[in-house]
Structures are given as C-alpha cells and as structure tokens.
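Each chain is listed here by its residues.
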Amino acid sequence: METLTKSKYSTWYHPYKPAKEYRKKAAYFSMEFGIDQALKIYSGGLGFLAGSHMKSGFELKQNMIGIGMLWKYGYYDQGRNEDQTLRTDFIEKTYNYLEDTGIEVEVQLHDNPCVKVRAYVLKPEIFGTVPIYLLSTDVEGNDHLSRTITNHLYDANEVTRVSQSIVLGIGGAKVVEALGGSDIYHLNEGHALPAFYYLRDQGVKKNQLVFTTHTPEKAGNEERDARHLNRCGFFGRHLSEEELQKESVNGGMINYTVSALRMAKKANAVSKLHAKVAKDMWKDFDNTCNIIPITNAQSQTFWQDKTIKRTWERKQVKAYQKRKTELKQELFTEVAHQTNKMFDPNVLTFVWARRFAGYKRADLLLHDLERFERLISNEKYPVQIIWAGKPYPYDFYAIDIFNHLVNYSKQKSNLAVLVGYEIELSKKLKLGSDIWLNTPRITREASGTSGMTAAMNGSVNVSTNDGWIPEFQKNGKNCFVLPELDHNLPHWDQDKMDADNLYDILEKKVIPTYYDQPEKWQEIVFKGIDGVIPEFTSHRMADQYYKKLFK
C-alpha cells in the first residue's frame, strides 16, 4: 500500500462537521451512481437511486462516503443505425474533475496475486454529493487484461463480472481501511459481496454490515459456482472445501443475495410490497437476517423544476400551466431534433421511459393494435406518445421490443422513440410529460422511482399497482391505477387483461378528464405533487437508513 500524492481525501474527510444524528461513519458500496449527465457511470434505476442518496447525504451533513467504480466506457452510448434502430456505442470517457487520492490497493484476481486498484474521489463541491471514491484498474503496472476490468459496467463476460465484484468489494473495503475504516459497511445490492467476506476475516463485526436488496428478478440476484468463485479470489482468501460447503446453496452455488442476508445484521427492501415479496423469496434459506422496508426515493433538489415547485406551493394554476407548456416545448425540441416530428404543447402527452426490460412491457399499449390505432387517431381527444430507455446491450429480446417501437412509430406523426436515455433526457421527459406510464407485471418491480420524479413535476402516473405505487396512490385523485390482477396468472393472460384495462382507463377516465375537466385535472396534478413530497424524497430515505438500518 503506497500513498503517492497527498490529498485531503486520502483520509476520511468531509467539508462539513457531520450532524449529530448522522455521526456514525458509513461506507456505501454501489456498482453504479447516477449523479449528473457529465458522469456516465450508471445504467438505470439502481444508479439514479444511489446518486440521489449521495446528494441527500451531503445536504443532511451525513458522515457517509460512496464507494463505486470508474467505468472507462460507462454503460454504453445509445445511438441509431441507418434505419433508426438501436446502436450501442462504447466511447472512452475522461473525467478531469476527479482527484487522484493517491490511494492504491492490491487485490488477487484468479492467478494474478496483485492487481492494482487506484481510488479517485468525486469531491462534494463538484455535484453536491458526499465524497465518492471511484475505483479503477486502468493503472500503470497492471497487465492488459487487468486494466480492462473497469472498462464496461455490467460486462457481458462472466469472468470479468466476477472480477468487477472483487475490485468493488475487496478493493473498496481496502480503500475504506486506508481512509481509517468505517462504523457501517452498506452494500447497495449484492455486486460488492466480496467486501463482506473480506471484512469478516478482518474482524469486522456482523453488526457493522448492512445490505439493500433491490430486485425480485432472478438475473438481479446473481448465483455462481462456489468453486469457480473460490478460484477467482472472490472470498479474499482460498476457502477449504468444508468452508465452501457452508457458504453454498442449491448444490454448490453461491447466491449473492443469500450470502449477504446471512452476513448482514439487517437488510432492507426498497418498498413495502417488495419487503413482503423479498421475505417470501428468501424464507427457505436459514440464518438470513431480517428484511425491513425502506422505500426508495429521489432528490427533490435535483429533479424538481424550481418554477413548478413555486407554483405548486402557492397553488398558482395559471403560472403552473404556463411553465408546463414551456417545459413541453423544450421536450418537443428534442423530439424534433431526433425524429423530425413536430409535437404540439396543447396536446396530452404520454411518456413511457425507463430501463428497457421484458417485464416492464414498453409495448403494452400496442397489445391490441386496432384499439391502439383508434386511440392515437381520435381527433376529438388527440394524444402524443414518447418512448425512451436503454436495454442492456446484450438483451436482444428487449432490443427487439425497442426496434419494433421504432419501426412502428416511424410513419406516425404523434409517436416518437428517443435515444440517449440518460439523466438529461430523463429530466426533460419528466418535466415535459403530462402522463407517466408505468406498466410492469405486478410484483416484478421492486420499487421503480421514475414515477416519483415525474410526479414532482406534475406528470400524472398511470400505473399498475406495483413497487412504490401502493404507498402513494389515491386512485383517480392523485394518479390512475390499473385494477390489480393475480400475478400467478400466465403472462399471456396478464398482458391481455392489463392492456384492456389500460385502454379502458385512458379512453374513459384519463383523456376525457384532461380535455373536458381541466380544473379536475389540475387538482390531480397538484395532489400528485402533494403525495410525493416529502414522502418520496431522498432526504426522508437517507434519514431512515441512519435511523432504521445503521443504528
């Protein structure tokens, strides 16, 4: 371990005196952080959530730091092929505003006993976050293969993915040691699991380890062969056959979530519904810790438009509507730029935008094409629809849905599919939409946070009753919710019934209310903002982590 340059941030440091109730030192490990358009080290909701948490940590003067990865090519840049379909570009990023802390640690990866990991710090004054330490293996002295470990967020190569977990987990834990250690080690999802194994061997107590589980999706709860992980250096040392046996489940597999739940003193799910789903998912595994709900939230300071906020506080309807029209116009400039279509700010505008994944059903509106065509060609009640989102670059099913929407909407003047779904575009969509569509199959969306930031800006949620929605919704008063289905029904049946219910709600309630009862619509808009603030702001969430998880 050598210290090459002297930075204030080569020890545990904050530019403020931590507030009394947040004095405990907490290190927050996350594979991604969505903080600003200028820092592309995130893929979606997990990153947006972590970014909002780090912002509130700073604003509340919490004694917390972030530990993440400095992805050389980010997730990917989303462009278009010649026919407008999705193109994935991998472009090198350089962030001159990050400071080299001088901290360099070594981890063992596979047969390489000393891969160097360098820590750079994102200082609080750059984007208004707690200090975030970003790790890179693109370091002088590492061999070519080692240098590429921190190239791509969620690399498709299995062995690289395991290496990334070791770098974040063990490399991150060693960086925290170099900073002077922490009272609490918090894993945001299971990616950094090796940290728990390493820390346990260093004598860190169980009551210092906490864990957040984020998804009921199988792919999000990684499971890998125990012997293979042992060869990779996943556990920080070589485990004996007997030790491996003790750690593994399902016939020799390590399930990252199960291991984290066994090693942590306490864990949280990310909504009340998700806590029930998670407890049920993991109930058959012994020695797991309690899972409490701490519902996800987003940063009001970052996501809410200042004028929208002021007009809502003062209940100034005309001023609100004037600002909403301006924001719609800004969004439509982007639509024109990308698709050469001219959208009208006086027309009701729906947005479906989030990470593209099969269960989120971006194409649910197209389920009954005859009915959909009627909906989009109704001259009395005109509508405009925008889709945006990034599929995982190797999720060809999700990419196919994206391209199908592109091809279908090409010749339709009131439909648009946008690329470049990152923080800046996400903000434009939330500020400029009238309706925020959220259509996951029930129990599959642990929380979902895009609808929170949309509601902060007067966009009305039309959603299945999943994730955070059951805690927020007053159906017909602050949003519109589809009738709840039995989630055990075959997908085919769920999709048909949800699509029919969605058309019904749009045709009979949402669209007529917007056009025929503007006063009632405005009431729903303001009630939506009332319902989301302060309950779904990250100040509440960051406070609860200290009071319920870290204590």
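All of these numbers come straight from a predicted model, not from anything done at the bench.

A. Up close: the side chain of Arg262. Examined against the element boundaries, Arg262 turns out to sit in helix 8 (residues 256-263). With relative accessibility at 19%, the residue Arg262 sits in the buried group. Excluding anything up to four places from it in sequence, Arg262 contacts Lys206, Lys246, Glu247, Val249, Phe285, Asp286, Asn287 and Thr288.

B. Structural context of helix 19 (residues 518-532). Under the 1.5 Å per step criterion, the end-to-end length of helix 19 is 21 Å for 15 residues, consistent within 8% with the ideal 21 Å. Buried within helix 19 are the following residues: Trp521, Gln522, Ile524, Val525, Phe526, Gly528, Ile529 and Val532.

C. Quick peek at the sheet that holds strand 18 (residues 435-438). As summarised here, the arrangement of the six strands in space is 17-16-15-18-19-20, forming an open sheet in which the pairing is parallel. The open sheet has two free edges, formed respectively by strand 17 (415-418) and strand 20 (480-481), since each of these has just one partner strand. As defined by bridge partners, strand 19 (residues 460-463) adjoins strand 20 across two bridges and the pair is classed as parallel. The residue of strand 20 that forms the bridge with Ser463 is Val481. Taken strand by strand, helix 12 (residues 317-339) contacts strand 15 (348-353), strand 16 (383-388) and strand 17, and its axis lies near 80° from that of strand 17. Across the sheet, helix 18 (residues 491-516) is in contact with strand 15, strand 16, strand 18, strand 19 and strand 20; its angle to strand 15 comes to roughly 135°.

D. View of the pattern of salt bridges. By the definition in use, this model includes 39 salt bridges. Across the pair Asp77 and Lys93 runs a salt bridge, and its minimum N-O distance is 2.6 Å. Separated by 16 residues along the polypeptide, Asp77 in strand 4 (residues 77-80) and Lys93 in the loop between strand 5 (86-89) and strand 6 (99-109) bring together distant segments of the chain. Owing to a relative accessible area of 14%, Lys93 belongs among the buried residues under this scheme. In this structure, Arg118 engages Glu104 in a salt bridge whose closest nitrogen and oxygen atoms are separated by 2.6 Å. Within this pair, whereas Arg118 is found in strand 7 (residues 112-122), its partner Glu104 is found in strand 6, the two being separated by 14 residues in sequence. Neither residue differs from the other here; Arg118 and Glu104 are each classed as buried. What you see here is one network of salt bridges that share partners, running through Lys40, Asp77, Lys93, Lys390 and Glu422.

E. Representation of the environment of Gln62 within the structure. Tracing the backbone through its elements, the reader meets Gln62 in the loop between helix 1 (45-59) and strand 3 (64-69). According to the relative accessible area criterion, Gln62 is buried, its value standing at 0%. Linking Gln62 and Ile469, residues 407 residues apart in sequence, is a C-alpha distance of 28 Å. When residues no more than four places from it in sequence are discounted, the contact partners of Gln62 are His14, Tyr16, Tyr22, Gly57, Val130, Ala542, Asp543 and Tyr546.

F. Representation of unusual backbone geometry. For the bond running from Ile533 to Pro534, omega is 5°, close enough to zero to count as cis. Relative to the assigned elements, Pro534 resides in the loop between helix 19 and helix 20 (538-550). In this model, His110 sits at a positive phi of 55°, which is unusual for a non-glycine residue. Among the secondary structure elements, His110 is positioned in the loop between strand 6 and strand 7. One non-glycine residue with positive phi stands out, namely Glu189, at about 80°. Examined against the element boundaries, Glu189 turns out to sit in the loop between strand 9 (184-188) and helix 5 (194-201). Residue class for Glu189 comes out buried when judged on its relative accessible area of 4%.

Definitions and cut-offs
Residues numbered from 1 in each chain as written. Predicted model: local features only at pLDDT ≥ 70, side-chain atom pairs only at ≥ 80, totals over all residues. Heavy atoms only, no water. Helix = DSSP H or I, 4+ residues; strand = E, 2+ residues; numbered from the N terminus. Buried < 20%, exposed > 50% of the residue type's maximum accessible area, 1.4 Å probe, protein only. Contact = heavy atoms within 4.5 Å. Expected span 1.5 Å × (residues − 1). Pairing = 2+ DSSP bridges. Axes fitted to C-alpha atoms, helices over the stretch in contact; angles between N-to-C directions. Salt bridge = Lys/Arg side-chain N within 4 Å of Asp/Glu carboxyl O.

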